[in-house]
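Close look at the chain arrangement
If you want the building blocks of each chain, they are given just below.
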2 protein chains.
Amino acid sequence: MSTSNRQIVLKARPKGRVTRENFETKTSPVATLRDGEFLVRTLYLSIDPTIRGWIDRDTYLPAVEVGAVVRSAGAGVVVESKNPKFNVGDHVFSLLGWQEYAVVGAKESPAAIPPGIDLTDALSVFGVTGMTAFFGLNEIGRPNAGETVVVSGAAGATGSIVGQLAKAKGCRVVGIAGSAAKCEWLTRDLGFDVAINYKTDDVGARLTAACPKGIDVFFDNVGGSILNEALARIALRGRVVLCGAISQYDNLDNAYGPPNYVNLIARRGRMEGFIILDYAPRFMEGVMALGALLAEGKLKHKTTVVDGLDSAPDALRRLFTGDHDGKLLVKVADG
Amino acid sequence: MSTSNRQIVLKARPKGRVTRENFETKTSPVATLRDGEFLVRTLYLSIDPTIRGWIDRDTYLPAVEVGAVVRSAGAGVVVESKNPKFNVGDHVFSLLGWQEYAVVGAKESPAAIPPGIDLTDALSVFGVTGMTAFFGLNEIGRPNAGETVVVSGAAGATGSIVGQLAKAKGCRVVGIAGSAAKCEWLTRDLGFDVAINYKTDDVGARLTAACPKGIDVFFDNVGGSILNEALARIALRGRVVLCGAISQYDNLDNAYGPPNYVNLIARRGRMEGFIILDYAPRFMEGVMALGALLAEGKLKHKTTVVDGLDSAPDALRRLFTGDHDGKLLVKVADG
């Protein structure tokens, strides 16, 4: 097998939107394994908004150092092992990073992917994306049947699952997305009751019409003025699930604060953030619930796969322009 | 007894800071009692920030109509009764309004004040103010011993009690107030660990120094940039208790939104509002807890009393300028 390892490292922290110039490619020898470690050949990388935070500043994990491999979740195959739990040929999910080969130990949080599970599913509906939707909605949002749930970034990997989970719970579901095609997908294919195109519609007016009893749960992936419009219409004891703020990540030093947060006082509202890693011990619960819905045909999802390790920087940039459908993955090698 | 009733009614909704011109005085005959009602002679009125909301717009209660008596909590003495539970001579707490006499029925939420309880205490530490501090801190903030609790409006009626309750729980307590004298009162008399004068200090820098492990609970009475500075320093799983936003009430249509709300995501923070009326069935619990602390000498409080019904509009205005100490009451008549 090859002993050289192509890697994409952080060259300079982004100012505003990420560009190719923030990264550079280098080739290093594959490191020697220590006891307990194993070597994974990367097959797919998961392109997630949180990477934008990791390469920018300390968040819930320390910032990626300039010169270091870009941190990223991914799925791959074990090609060498000094860990009795992971054998050559096994498929694993782990923090692999943007590189062809990753030495994986406990701190990369590896998990086995059972035979028969498609790796793209393992990185989307059964991965962090699906878990984020499941635990964020149920543990933070806590929707009840008959309530109104609004989702921003609704055609995205997480948002599209959130909406379908809320429908399965008997909620009225309104999605906010960025194109007519995405909106049509939400209402026609995924069963959303209403879809709002934030690029062409008056979001506030459409939310008022779509949510006559107010918004019980707002699952927010975007932040900005859309969050503010949702807070304007938050129902008594409404809940705002702070999953992300993708509209703000490029400019966090001048982020937008939603003035309508004051409505949380009189309406006894709650706005709460979460990080999915905290729920890792309960992921089986989420996988089983999503698997059951998939089996019943009640959960659809889309994946956009782009080819080649070198396309990872552009793929990350695409997350912020929205010109992709569902979960965005980079295919690094054939499995 | 007098059959005429002097009342202060809403003349025009305030634009910005309240002024005397928002109100006018009129004299009406005292209404005839129906079965279940009783007549209360107002002795004290409680001047609370929430009145600013009530005369402006629908909040958790419908807006006071223009021409109607200004809604206000108060304490008084029963002078006539067609309700077997309330007898002439009894002291009561109720939504009396800015008037000399109030006809009280179930919708004014009357509660008996036991003999021996000072009416000014009944309207402050044992009233909505004390209950707001107790339930807001314990039910929304949920502080644990050793945690850092920051309170804004700390020298106010609610804030000063919040800080002392947090001290009694074994927390590190930092207060933010608007004068050197208030700050000295907090640290010297009330046992706050640190007091910050927001008018002269760099609030952010002082919070950083005073909260080396971040802010576990921020009890917010003021909103605005102080809320944003607290959110900048929110600890992992920190809680923001949204009690009020007095810095914003004069200008809600152009309210300030705190950009640092995004920190709630990575730090798994929670920002939650509450309305004390929801806890009314549990008020006895709060009264007992505060009474026990008072008896042990662990709870101090200040009251500013101004004389005469006609001073109510100016008193309401004073809440927003901060030139009062502790609980602000209007004395309408001798008990």
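Quick caveat: nothing in here was measured; it's all calculated off a predicted structure.

Residue and element names in this part refer to chain A. Inspection of the secondary structure puts L329 in strand β15 (residues 327-331). Judged by relative accessible area, which is 0%, L329 ranks as buried. When the C-alpha positions of L329 and G141 are compared, they lie 27 Å apart, and in sequence the two are 188 residues distant. Non-local contacts of L329, meaning those with residues more than four positions away in its chain, are made with Y44, L45, S46, T120, L123, T303, T304, V305 and V306.

Another point: the interface of chain A and chain B. The interface is formed by 32 residues belonging to chain A together with 32 residues belonging to chain B. Summed over both partners, the interface of chain A with chain B buries about 2,400 Å², with 66% contributed by carbon and sulfur atoms. Linking chain A to chain B there are 4 salt bridges. Close ionic contact of A:D278 with B:R268 constitutes a salt bridge, the shortest N to O distance being 2.6 Å. Remark: the boundary between chain A and chain B carries 7 residue pairs in polar contact (both at pLDDT 80 or more). Per-element accounting of the side of chain A that touches chain B gives the leading share, 4 residues, to strand β13 (residues 270-273) of chain A. Looking at the side of chain A that touches chain B residue by residue, the class counts come to 19 nonpolar, 7 polar and 6 charged.

This paragraph deals with the environment of B:D201. All names here are of chain B. Relative to the elements of secondary structure, D201 occurs in the loop between β10 (194-197) and α6 (203-210). Along the chain, D201 and A295 lie 94 residues apart, while their C-alpha atoms are 35 Å from each other. For D201, the contacting residues outside a window of four places in its chain are I196 and R206.

Of the two same-sequence chains, chain A is brought onto chain B (RMSD 0.0 Å, axial shift 0.0 Å) by a rotation of 180 degrees. Such a combination of turn and shift is consistent with a two-fold rotation axis. The C-alpha atom lying nearest the rotation axis in chain A is that of A:G257; the distance is 1.9 Å. A symmetric contact is evident, with 100% of the interface residues of chain A recurring at the interface of chain B.

The next point concerns the pairing of β10(B). Residue and element names in this part refer to chain B. Every second residue of β10 is oriented toward a common face, with V194 and I196 on one face and A195 and N197 on the other, all of them buried. Relative to β10, strand β9 (residues 172-177) runs parallel, the two being bridged by 4 bridges. Within the sheet, the bridge partner assigned to A177 lies in β10 and is N197. What joins β9 to β10 is helix α5 (residues 180-189), and the crossover it makes is right-handed.

Taken residue by residue, chain A gives an average pLDDT of 95. The fraction at 70 or more is 99%. For this predicted complex, the interface confidence comes out at an ipTM of 0.87, alongside a pTM of 0.91.

It is possible for side chains of opposite charge to pair when their charged atoms get near one another. Residue and element names in this part refer to chain A. Scanning the entire structure with this criterion turns up 50 salt bridges over all chains. Across the pair D314 and R20 runs a salt bridge, and its minimum N-O distance is 3.4 Å. One end of the pair, D314, is in helix α10 (residues 312-321); the other, R20, is in the loop between β1 (4-10) and β2 (23-29), and 294 residues separate them in sequence. According to the relative accessible area criterion, R20 is partly exposed, its value standing at 41%.

What follows covers the environment of B:V125. Residues and elements named next belong to chain B. On the secondary structure map, V125 appears in the loop between α2 (119-122) and α3 (128-141). Each C-alpha atom of the pair V125 and L290 lies 7.4 Å from the other, and the pair is 165 residues apart in sequence. V125 has contacts with G130, M131, I161, L290, L294, L299 and H301, leaving out every residue within four places of it along the chain.

Now for the sheet that holds strand β11 (residues 215-220) of chain B. Pairing in this open sheet of 12 strands is mixed, and the strands run β10(A)-β9(A)-β8(A)-β11(A)-β12(A)-β13(A)-β13(B)-β12(B)-β11(B)-β8(B)-β9(B)-β10(B) from one edge to the other. Only two strands of the sheet have a single partner each, and these edge strands are β10 (194-197) of chain A together with β10 of chain B. In this sheet, adjacent strand axes meet at a mean angle of 15 degrees when their direction is disregarded. Bridge count for strand β12 (residues 234-242) of chain B against strand β13 (residues 270-273) of chain B is 4 bridges, and the pairing is parallel. The residue bridging B:L242 from the neighbouring strand is B:G273, located in β13(B). Each of β8 (148-152), β11 (215-220), β12 (234-242) and β13 of chain A is contacted by helix α3 (residues 128-141) of chain A, which is oriented at about 145 degrees to β11(A), the strand it contacts most.

All names here are of chain A. Taking 1.5 Å per residue as the helical rise, helix α9 (residues 283-295) with its 13 residues ought to reach 18 Å, and the 18 Å between its terminal C-alpha atoms agrees with that figure. All of the buried residues in α9 are G286, L290 and L293. The buried side chains of α9 occupy one side of the element, clustering within an arc of 55 degrees when seen end-on. Opposite the packed face of α9, turned more than 90 degrees from it, sit the exposed residues M284, M288 and A295. Considering only its buried residues, α9 is in contact with α3 and α4 (157-168).

The rules we used
- Residues numbered from 1 in each chain as written.
- Chains lettered and ligands numbered in written order.
- Predicted model: local features only at pLDDT ≥ 70, side-chain atom pairs only at ≥ 80, totals over all residues.
- Heavy atoms only, no water.
- Helix = DSSP H or I, 4+ residues; strand = E, 2+ residues; numbered from the N terminus.
- Buried < 20%, exposed > 50% of the residue type's maximum accessible area, 1.4 Å probe, protein only.
- Contact = heavy atoms within 4.5 Å.
- Buried area = accessible area lost by both parts, 1.4 Å probe.
- Salt bridge = Lys/Arg side-chain N within 4 Å of Asp/Glu carboxyl O.
- Polar contact = N/O pair within 3.5 Å; in protein donor to acceptor, adjacent residues only side chain to side chain.
- Nonpolar A, V, L, I, M, F, W, Y, C, P; charged D, E, K, R; others polar.
- Least-squares fit on C-alpha atoms with pLDDT ≥ 70 in both.
- Pairing = 2+ DSSP bridges.
- Right-handed = clockwise from strand over helix to strand, strands pointing away.
- pLDDT = per-residue confidence, 0-100.
- Axes fitted to C-alpha atoms, helices over the stretch in contact; angles between N-to-C directions.
- Expected span 1.5 Å × (residues − 1).
- Arc of directions from axis to C-beta.

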